[in-house]
Amino acid sequence: MATSLKSLSEHSSKNILDISSKKFGIIVSEWNEEVTEALYSGAYETLKQHGAKSENIIRKNVPGSFELTLASQWLAQLEEIDAVICLGCVIQGETKHFDFICDAVAHGITNVGLKYNKPVIFGVLTPDTQQQALDRAGGKHGNKGDEAAITAIKMLGF
Ligand SMILES: Nc1c(NC[C@H](O)[C@H](O)[C@H](O)CO)[nH]c(=O)[nH]c1=O
Ligand SMILES: CC(=O)[C@@H](O)COP(=O)(O)O
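Residues numbered from 1 in each chain as written. Chains lettered and ligands numbered in written order. Predicted model: local features only at pLDDT ≥ 70, side-chain atom pairs only at ≥ 80, totals over all residues. Heavy atoms only, no water.

### Topic: the site of ligand 2
Worth spelling out the cut-off: Here a residue counts as near a molecule or strand whenever at least one of its heavy atoms sits within 4 Å of it. We define a polar contact as two N or O atoms separated by no more than 3.5 Å, with the added condition that, inside protein, one atom must be a possible hydrogen donor and the other a possible acceptor, whereas residues neighbouring each other in sequence contribute only through side-chain atom pairs. Method for areas: the Shrake-Rupley scheme with a 1.4 Å probe, in which residue coverage is limited to the protein chains shown. Under the scheme applied, nonpolar residues are Ala, Val, Leu, Ile, Met, Phe, Trp, Tyr, Cys and Pro; charged residues are Asp, Glu, Lys and Arg; polar residues are all the others, including Gly.
With respect to spatial proximity, the complete set of residues near ligand 2 consists of Val 90, Ile 91, Gly 93, Glu 94, Thr 95, His 97, Phe 98 and Ile 101. Residue Glu 94 places a main-chain N or O atom 2.7 Å away from an oxygen atom belonging to ligand 2. Thr 95 places a side-chain nitrogen or oxygen 2.5 Å from an oxygen atom of ligand 2. Calculation on ligand 2 without its partners gives an accessible area of 330 Å², and the protein chains cover 73% of this total. Across the shell around ligand 2, the residue classes break down as four nonpolar, three polar and one charged.

### Brief notes about the side chain of Thr 36
Stated formally: To qualify as a helix, a DSSP run of H or I must reach at least 4 residues; to qualify as a strand, a run of E must reach at least 2; elements of each kind are numbered from the N terminus. The rule is simple: take the accessible area with a 1.4 Å probe, protein chains only, and divide by the maximum for that residue type; under 20% is buried, over 50% is exposed, in between is partly exposed. Contact definition: two residues touch when any of their heavy atoms are within 4.5 Å.
On the secondary structure map, Thr 36 appears in helix H1 (residues 33–49). Of the residues examined, Thr 36 reaches a relative accessible area of 0% and is grouped as buried. Not counting the four nearest positions on each side in its chain, Thr 36 is found in contact with Val 28, Ser 29, Trp 31, Gly 88 and Cys 89.

### Observations concerning the pairing of strand E4 (residues 120–125)
Let me state the cut-off plainly: In this analysis, strands are considered paired if DSSP registers two or more bridges between them. For a crossover, the right-handed case is the one in which the path from the first strand over the helix to the second runs clockwise, viewed with the strands pointing away from the viewer.
With respect to burial, E4 is a largely interior element, five of its six residues being buried. Note that strand E3 (residues 83–89) and E4 share six bridges and pair parallel. If you follow Leu 87 over to E4, its bridge partner there is Gly 123. Each parallel crossover has a hand, and the one from E3 via helix H3 (residues 97–116) to E4 is right-handed.

### A short note on the UniProt feature "active site" (unreviewed entry) in the protein chain
Put simply, the test is: UniProt positions are given in the numbering used here, feature names are shortened, and annotations may be inferred rather than shown by experiment.
UniProt annotation of "active site" (unreviewed entry) refers to His 97 when read in the numbering used here. A relative accessible area of 53% means that His 97 is categorised as exposed.

### Concerning the sheet that holds strand E1 (residues 24–29)
The criterion, for reference: Axes, fitted as lines to C-alpha atoms, cover a helix only where it is in contact. Angles between the N-to-C directions of the axes lie from 0 to 180 degrees.
In spatial order, the strands read E2-E1-E3-E4; together these four strands make up an open sheet with parallel pairing. Strands at the two margins of the open sheet, each flanked by one partner only, are strand E2 (57–62) and E4. Going across the sheet, the axis of each strand differs from the next one's by a mean of 15°, ignoring polarity. Against the sheet, H1 makes contact with E1, E2, E3 and E4, and its axis sits at roughly 165° relative to E1, the strand it touches most.

Here it is, written out as structure tokens:
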């Protein structure tokens, strides 16, 4: 279902896990900062609303989405981290650079989750335009950061 047909922020809180003792790493790409800061706010607030303690939410920044993979490995390898949320926004430009980044990040963080056997969440927007990004970072289609946080919680309750 396309995002345009549902809100990224809509979710059921039924049977949600008690996450008061869970520790989360959130990695934020600095590219398209207006968007990624909105994603971070959504993810942070959603975790808090569901019982996470602020001292158990560890934020790290990376230069761009391509660096999310290595940074997710640095956090996922820490025994005390229960889940990692990767937040970024890769906007289509004139060249194929977009494709290489998106492909690398999607495959990269998938492999980190498999390697360390813990949730590593793909909270990366891959829009064609800035407006599409803003629409999904607290705009008319909700907030991808909310969705990423809920996904992490649900995976911990698997
Ligand atoms: N164009 C975007 C980038 N580009 C930077 C890369 O992510 C990476 O930091 C660089 O290639 C050095 O390794 N990053 C984004 O997150 N969003 C973009 O739109
Ligand atoms: C996704 C990117 O790296 C992209 O924004 C860079 O733009 P361009 O493809 O025009 O160099």
